[in-house]
Structure formats: structure tokens, C-alpha cells
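A structural walkthrough
Listed below are the residues making up each chain.
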Amino acid sequence: MAGVAAHSSPSLSVDEHLARILEALEPLEPVAVPIADALGRTLAVDTFARVDVPSFDNSAMDGYAVRRSDVLGATADAAVQLRVVGDVPAGSGSNPPLEAGQAARIMTGAPMPDDADSIVPVESTDAGTTTVTILQAPEPSAFIRRVGSDIRQGQLVLPAGRTLRATDLAAATAAGLAELVVRPAPRVGILSTGDELRMPGETLERGQIHDSNSVLLAAAVTEAGGMPVLFGAVPDDNDLLYESFERMADRVDVFVTSGGVSVGAFDVVKAVLQPLGVWFGPVRMQPGKPQGFGRWLDGTPVFTLPGNPVSVFVSFEAFVRPALLALQGRTETRRTLVHATAGSSWSSPAGRAQYMPAVLSETSAGPVVVPASPGGSGSHLVTSLARANALAIVPEDVTSVHEGQAVDVLLFGVPESGDHA
Ligand code: AMP
Ligand code: MG
């Protein structure tokens, strides 16, 4: 088996591999969902207000609805008394007629009586209930929220492509909508491969390890707006792996596998998928060199990631996350790019872009980045990975980073604060 990859496919750069992936994918078909289920989904269509907001003139204050002509000269020294002829709480449909010298008590959000033209806040009165003393004349139309002053029926409330936040859902609800048309969460089938893999917490025999990739990928998929469908660890057995794909295919929109794609003797993923036309080849990156992308028999896209957990994470960030965002109709699929200064020196392989798990700190001198693992970029250093909040990207042709040098950093966590030693 050794040497197969070397002559089977030419290598791709990270950008080339990502471009091929994004070219191959279309956003998922839109679905209408109840507003309460739309958080984090991406809106598929321009969405317009069904009603005027507010849908009626209403009071902005607790106070009294008055005819302004009755109270024009009112001051604390020359107070004006009005008869209170009605109460209009919020939600009330009542519309008390007001004659000269009359007022209605009104609460915030309650509809403005047709005969009133101004609101006097309760603070400018004696708060009376049968008669009220007005201590200050209102401005014209004071404290009235006008119909349609927020948005008019038929106006755009949320544009297509918007990733919905709590405030968007509130806006859509206020504008009369009960459902939104969104791209669904991609269902992502997660398959780990390896005879050595055991469940979280299981006692390990010699040679065994815990299946951290399934946990990592499920969480990363969720963070990217997808819905993980866990299949657990499949032993290194071609037939079992084939059956797993077959059983899951109509339940998922995408497959992500880990392990079994390099040039070892038991590389099941490659053995099962390469005959089906899935592309396997080296991508000029470190870690994450052995990659694969293609389709299962029914057309479901398949990402085959390497096995080492750090490689899995970097590969997910570089390829799977952008793809999952694109499937959701997102146009911006990149992480925030930060121009940082190297806080230490490290080396990088020639001819491969390095994606170094790193810690980015905001310091008085600007953003500073250092590798997350003092031991370097070992792709098996999974607990060091937990310290990282960023990936430092060192271009293919750069073989060493010197302290003080400029480095591009993709931020996936929260920057640390403070000055690095
Ligand atoms: P492979 O490409 O299958 O040879 O895997 C490369 C390395 O990653 C090996 O050391 C595996 O034990 C390790 N590995 C593979 N799958 C997982 C997993 N699901 N969780 C943790 N480590 C894994
Ligand atoms: Mg393996």
C-alpha cells in the first residue's frame, strides 16, 4: 500500500481543495419553520412585514389622553383640571369619546382614543382617577407612537441571507410572521474508524484510545449550525464501514469520517470510497495532509479527514466548517482573520501551509500569537489543542517564524487578554 498516494493524485493547496468543495455544494432546500425554531438558521428569502408596526397609534407613557386645546396653558402654578371619563389599559379595545374638559387614563401601549391628540404623562399630573390636575401642557402629539412608525406592512423586515438572532426573531414576530423560510441545519453523519477506539470513559487495554474525534466533530458540527448524527467508531473492516455508510446515507446530508485515509495497511475509508470515485490526495497543509472528498453512492457528500485529533480539528476548520455554512446559505464562511505578531519563534515545513493551534492574546502592543503546545505542532497533542483559541497560518514557502514577525491568525475562540511573558 505504501506509496499509493504519492502517485495517485497531485497535491492541492488548502485554497484549491476548499474551492473544489464549495463548488460541488449547493445550499440545502429551504423549509418553513416556526419562528421559535429559527434561531441560528439562515433566512432563505427576503421577509416582509405582514402588518404595520405599531398597528395602531398608542401611548408611549402611562398618563392621560387629552385634547391639547384643553390644557394649553397648564403649569404647576396654573393647573388645569379635567374630568376622567375612561380607562384605557394596554390590550383594551375601548375608545372613550372625549368632550371638551375630559380626559382618559391611559397606559403604555394602549390605543390612543380617537378624540385625543396628546398624552400627558402621569408625572405631570396629580394622578387623579375621577378628576385629574394637569401640571404641564403637552407638546403637540406628545408621547404618541404612530401607526407604522417602526415598519409599514410590506416593507422588508429581514433580508435573505441573514443568520437569525434573538432580536431578528422578535422583529419578525412583531411584524406579524409566525414562520420563517430558512435553510435547514445540515445533518452530518459522523463516523470514526479504528479498531483501537473505545467509548468516552471506557477503561483502555494496551493499544486502545478513546474516540475523541467523534466528540470533537459532533461539537464542532453543532457550533457550525449543523446537526450531528453520531455513528460512533467503526472497526477497521471494509464491509462494516460500507454497511455503515449504506445504513446512514438517507438520514444525513453530509458524511464526515476520521481516520483510515493515509497510506497505512488498514486504511479502510480509502479502501471503501476510492473505488466509488471519491478523491483522495495530499493537501499541502500541516497538519491535515491526507484528505478526501467526494460522494457516497446516493450523492451524499463525504469528507474524509485524517485520524489524528489535531488534524481532524484543523481539517474541520479549513474545509468542513465552510462547507456546512455554505449548505446553510451563508455567504461569509471564513473565520475572523487577525494580523498578529509572533510572540515566540517556531518552524514550519517547506511546501506546506502550517495551521498551528495557537493562543492569541490582546496585548498593549496589539495581538500576539504563540503556539498552543510548547512541544510544537504534533497532530496527536489533543489536550494542548484545548488551550488554543486560534490557528496561526504560516504560508507554504515559509519555513520559520521569528518572534516579532507578522502572522495571520484565524480566530475561533475568544482572545486572551494581557501581555505575554
Ligand atoms: P489513522 O489515519 O486511522 O491511522 O489514524 C491516525 C491516528 O489518529 C492514529 O494514532 C489513531 O489512533 C488516531 N485516531 C484515529 N481515529 C481517532 C479517533 N476517533 N479519536 C482519537 N484518535 C483517533
Ligand atoms: Mg485508523
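Turning our attention to the pairing of strand S28 (residues 406-411). Bridging between strand S22 (residues 336-342) and S28 involves six bridges; their strand directions are antiparallel. Note that in S28 the partner of histidine 339 across the bridge is aspartate 408. Pairing of strand S26 (residues 390-394) with S28 involves four bridges; the strand directions are antiparallel. Bridge pairing in S28 places isoleucine 393 opposite aspartate 408.

Residues in contact with ligand 1 amount to 15 residues; listed here are only the nearest, Glu196, Asp211, Asn213, Gly260 and Gly307. Glycine 307 has a polar backbone atom sitting 3.2 Å from an oxygen atom of ligand 1. Secondary structure elements with two or more residues in the shell around ligand 1: strand S13 (187-193), strand S15 (209-210) and helix H4 (212-223).

So, on to the packing of helix H2 (residues 14-24) against helix H7 (residues 309-327). Their axes nearest at 10 Å, the elements H2 and H7 cross at an angle of 30 degrees. Our classification of the angle between H2 and H7 gives roughly parallel. Here the hand of the crossing between H2 and H7 comes out right-handed. Counted together, Val14, His17, Leu18, Ile21 and Leu22 of H2 and Ala318, Phe319, Pro322, Ala323 and Ala326 of H7 form the full contact between these two elements. Grouping the constituent residues of the contact of H2 with H7 by class yields nine nonpolar, one polar and no charged.

Our next topic: the sheet that holds strand S20 (residues 290-295). Hydrogen bonds along the backbone pair up the strands of a sheet, which may run parallel or antiparallel. Spatially, the six strands line up as an open sheet ordered S16-S13-S17-S21-S20-S18, and their pairing is mixed. If you trace the sheet from one side to the other, it starts and ends with strand S16 (227-234) and strand S18 (279-282), each paired once. The sheet shows a mean angle of 15 degrees between the axes of neighbouring strands, taken without regard to direction. Here seven bridges tie S13 to S16, and the two strands are oriented parallel to one another. Within the sheet, the bridge partner assigned to threonine 193 lies in S16 and is valine 234. The sheet strands contacting H7 are S13, strand S17 (254-258), S20 and strand S21 (301-305), and the helix crosses S21 at an angle near 165 degrees.

Conventions and cut-offs
- Residues numbered from 1 in each chain as written.
- Chains lettered and ligands numbered in written order.
- Predicted model: local features only at pLDDT ≥ 70, side-chain atom pairs only at ≥ 80, totals over all residues.
- Heavy atoms only, no water.
- Pairing = 2+ DSSP bridges.
- Helix = DSSP H or I, 4+ residues; strand = E, 2+ residues; numbered from the N terminus.
- Near = heavy atom within 4 Å.
- Polar contact = N/O pair within 3.5 Å; in protein donor to acceptor, adjacent residues only side chain to side chain.
- Axes fitted to C-alpha atoms, helices over the stretch in contact; angles between N-to-C directions.
- Parallel < 35°, antiparallel > 145°, perpendicular 65-115°, else oblique.
- Left-handed = near helix turned anticlockwise from the far one by under 90°.
- Contact = heavy atoms within 4.5 Å.
- Nonpolar A, V, L, I, M, F, W, Y, C, P; charged D, E, K, R; others polar.

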